[in-house]
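Architecture and fold: a report
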Amino acid sequence: MSMLTPRGLKGKQYRVTGNSYPRLGRPPRRGRKVVIAVGGVLALGLVSVGGVQLYDVFTGKNKNAAAQACASPSGKPLAAPEGSPSAAEPASPGAAPSNTAVPQPGNVTVNVYNATDKSGLAARTADELKKRGFQVGKVGNAPSALDKKVTGTAQVLSGPGGLGAATLLVSQVASGTSTQDDRADATVDFVIGDAFTALADPNQASATLAELTKPSPSPESGHC
């Protein structure tokens, strides 16, 4: 008879007599270690894939994928839907189409008309436009079709050949709008409305012009 402390019995002593022995706990299963090892490999793989994708994003390697996402099944870029702003009219009031150049003020002839009850407003506005470099044509009261009918600050009218000039004039007044008519020349009518007080500050006019002529986002920006 002897006192033994077999492994796995946490320091407890047992009396061993005859042929009877205390049962020992089962050794740790190898399966648990295998599961932990496989889980670690999978986690490492996911981290690696994520790192590759982030690298592609920051290095611009996904540009081709973005272009393909915005393409038709034939591989050609998708055309703007008929009737959408990019297909027919400028997105912002007074903005010229992307293929229309905005001229310098010295190349623009503007007719200034007063559609309000305030006397002398057309003459004062014409003088201010001259100071800004515009060529002034006719100055006077608005035609009957527009007289007392312009509720905003100003309405700019031009033909197809004066769209760029109209954009330039719209930028000179806050909340101005533009309308296209069928005139054959490139002159522009600046019709003063009821809400008009003065032309915009030159710095503000420059900022407005930059906004009106800002190019549309390309497919690479993530918008189709």
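As a reminder, the structure under discussion sits directly above these lines.
Quick caveat, the model's predicted, so the values are computed rather than measured.

Cut-offs applied
Residues numbered from 1 in each chain as written. Predicted model: local features only at pLDDT ≥ 70, side-chain atom pairs only at ≥ 80, totals over all residues. Heavy atoms only, no water. Pairing = 2+ DSSP bridges. Helix = DSSP H or I, 4+ residues; strand = E, 2+ residues; numbered from the N terminus. Right-handed = clockwise from strand over helix to strand, strands pointing away. Axes fitted to C-alpha atoms, helices over the stretch in contact; angles between N-to-C directions. Contact = heavy atoms within 4.5 Å. Buried < 20%, exposed > 50% of the residue type's maximum accessible area, 1.4 Å probe, protein only. Phe/Tyr/Trp six-rings, centres within 6.5 Å; stacked < 30°, edge-to-face > 60°. Polar contact = N/O pair within 3.5 Å; in protein donor to acceptor, adjacent residues only side chain to side chain. Core = buried A, V, L, I, M, F, W, Y, C linked by side-chain atoms within 4.5 Å.

**Notes on the pairing of strand β4 (residues 135-141)**
Bridge analysis of strand β3 (residues 109-114) against β4 gives five bridges, and the strand direction is parallel. Residue V112 lies in a different strand from β4, and its bridge partner there is V139. At this point the chain moves from β3, through helix α3 (residues 121-131), to the parallel β4, and the crossover so formed is right-handed.

**Notes on unusual backbone geometry**
Although it is not a glycine, K148 sits at a positive phi angle of roughly 65 degrees. In this fold, K148 is placed in the loop between β4 and β5 (154-158).

**What to know about the sheet that holds β4**
Strand pairs in the sheet, formed through backbone hydrogen bonds, run parallel or antiparallel to each other. In spatial order, the strands read β4-β3-β7-β5-β6; together these five strands make up an open sheet with mixed pairing. Of all the strands in the sheet, just β4 and β6 (177-180) have a single pairing partner and so form its edges. Looking at each pair of strands side by side, their axes are set apart by 20 degrees on average, direction ignored. Of the strand pairs in this sheet, β5 and β6 are connected by four bridges, and their pairing is parallel. Opposite S158, over in β6, you have Q180 as the bridge partner. Along the sheet face, α3 touches β3, β4 and β7 (188-192) and points at about 155 degrees away from the line of β3. Running at roughly 165 degrees to β5, helix α4 (residues 163-170) makes contact with β3, β5, β6 and β7 of the sheet.

**Comments concerning α4**
Burial within α4 is extensive, with seven of its eight residues counted as buried. Those residues of α4 not exposed but buried are G164, A165, A166, T167, L168, L169 and V170.

**A few points about the packing of aromatic side chains**
With the rule as written, the count across this model stands at one aromatic pair. Plain terms: the ring middles of F190 and F196 are 6.4 Å apart, the flat faces sit at 80 degrees to each other, and that makes the pair edge-to-face. An identical accessibility class is assigned to F190 and F196; each is buried.

**Looking at the side chain of T116**
Of note, T116 is situated in the loop between β3 and α3. Given the relative accessible area of 7%, T116 is considered buried. There is a polar contact of 3.1 Å between the side chain of T116 and the backbone nitrogen of K118. The contact partners of T116, leaving out residues within four places of it in the chain, are L121, K148, I192, G193 and D194.

**Notes on the environment of T116**
For the pair T116 and K148, spaced 32 residues apart in sequence, the C-alpha separation works out to 5.5 Å. Here N114 takes part through its side chain, which lies 2.7 Å from a polar atom of the side chain of T116.

**Examining the environment of G137**
Along the chain, the position of G137 falls in strand β4. Between the alpha carbons of G137 and V110 there is a distance of 5.6 Å; along the sequence they are 27 residues apart. Once residues within four sequence positions are removed from consideration, G137 is found in contact with T109, V110 and N111.

**Some thoughts on the nonpolar core**
Of all hydrophobic cores here, the largest spans 22 residues; its most connected members are V112, L169 and F190. Those elements giving two or more residues to this core turn out to be β3, α3, β5, α4 and β7. Ranked by residues supplied to this core, first place goes to α4 with five residues. In contact with L169, other than residues within four places in its own chain, are V108, V110, L129, F134, V156, V188 and F190. Y113, V150, L157 and V191 belong to the second-largest nonpolar core, a separate cluster that totals seven residues.

That's the geometry; what it means functionally is another story.
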